[in-house]
Structure formats: structure tokens, C-alpha cells
Amino acid sequence: MYKLKKLRSYLQSKLHSNLYLIAIISGLFITVIILTYLIVNVVWINGEVRGKSMQPNFYNGDRYFASPTAPIHRGDIIIIDPPGSTANKPFIKRVIGLPGDNITSKNDVTYINGKALNEPYLDPYKAKLKPGHLLTPNFKMQDVFGTKKVPAHSYFVLGDNRPRSVDSRTFGFVNQDRIIGVVKLRFWPLHRITFY
């Protein structure tokens, strides 16, 4: 009888400790799910690239996280609601011009305020060009927009795949209230995970 009571007491203590452990693990699991949801849907924007305008750096179907609160710098990759669009289809583009900048392109070199911009992300395309062909057609902001500078609170954006990109050369400057977020991580496909 004594051994049976001892066994029952032992089994009850194990059951209580196992229930306690299950409760802790369940609580942690629920916390992780809630935090993941908040990070993916509130703190970060989870999106998918549509189209070819940012190749070879982003391909159709690539997935990313963007921060809606990150500061914007030249060269950043941003997600925008393009001016004039009612389709609710965000675009992915690269920031070339900041407020107050003067942008020109001549002989496949982009100039910011008269200084050549280093754009190594274009090298894969430039290497494939036939002699005499340009990746980025020549332009001056004054000729295209009738202004010499990017307006306050606005940005000049281009796609890396310049011949196939609908960007500021088409729809004009992007006001900061049309910027959805700054890309901080490409997480899909897994073999191309990149932090920005």
C-alpha cells in the first residue's frame, strides 16, 4: 500500500511538472506567433516583386521586408505607390535623386549635381550592351520636367533595368507620402537572401 501511494505521488508530481512545462512551451509558442505577426504585418511590410524593372538585382517573385519608418538615402531600394496610379500595385525602385538634387544622364553615366554617380548594380547590364547602345537614354531634368531640382519632400527613382522600367522618367517625382517603405531584407528565394 505504501509503495502504491508513493508511486501515485511520484506520478502526480511528474504530471504536474509536465503540465507546467507544457504551459510554458505553449505560452512561448503563442508569444512567438504574435510577435512574428506584428513584425511581419505592422513593423515591417512583407511584399513580393512584380515585374522586371529591378533585374538583375530583384526578380519577379522575389520576396522582401521593407521598413515604413526607415530614413531614405540615395541608392536605397524603396517600395512606392506610383504617382497617378489607382491600381494599388506597388512598384520597387532605387532612389537616385534626393530633394534639391539636379539629375542628368549622359553617355550611360548618371550625374547628381554635376558629379558622376557610381552605379555598380548596372554593370551586369552594361556588360551585355552592343557598342554604341545606352542602358539609360540621355536626359536632363530641365528638359523632362521643366525644373532643375528635385522638389522638397520628393525623390527621383529609377529601376535598375533601365530599358524596361517605368519610373520617374515616366511618372515624375515621387512625393515622400507615396513611399511605402525602404527594403531592408530580401528573404526569398533562400539562396539570394540579402540585407540592405
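Residues numbered from 1 in each chain as written. Predicted model: local features only at pLDDT ≥ 70, side-chain atom pairs only at ≥ 80, totals over all residues. Heavy atoms only, no water.

Re the pairing of strand β11 (residues 179-188)
Relative to β11, strand β2 (residues 63-67) is paired through 5 bridges, and the arrangement is antiparallel. Paired with F65 across the bridge in β11 is L185. Here strand β3 (residues 77-80) pairs with β11 via 3 bridges, running antiparallel. Looking across to β11, one finds that I80 is bridged to I179. Where β11 hands over to strand β12 (residues 194-195), the hairpin turn is made up of 5 residues, counted between the paired strands. (Pairing = 2+ DSSP bridges. Helix = DSSP H or I, 4+ residues; strand = E, 2+ residues; numbered from the N terminus.)

A few points about the pairing of strand β6 (residues 109-112)
Of the two faces of β6, the one holding T110 and I112 is buried and the one holding V109 and Y111 is not buried anywhere. Bridge analysis of strand β5 (residues 103-106) against β6 gives 4 bridges, and the strand direction is antiparallel. Across the sheet, the residue bridging to I103 is I112, located in β6. Taken together, β5 and the strand that follows it, β6, pair antiparallel across an intervening segment of 2 residues, in which N107 is found at a positive phi of about 55°. Here β6 pairs with strand β7 (residues 115-116) via 2 bridges, running antiparallel. (Buried < 20%, exposed > 50% of the residue type's maximum accessible area, 1.4 Å probe, protein only.)

Any functional reading would require information that these geometric values do not contain.
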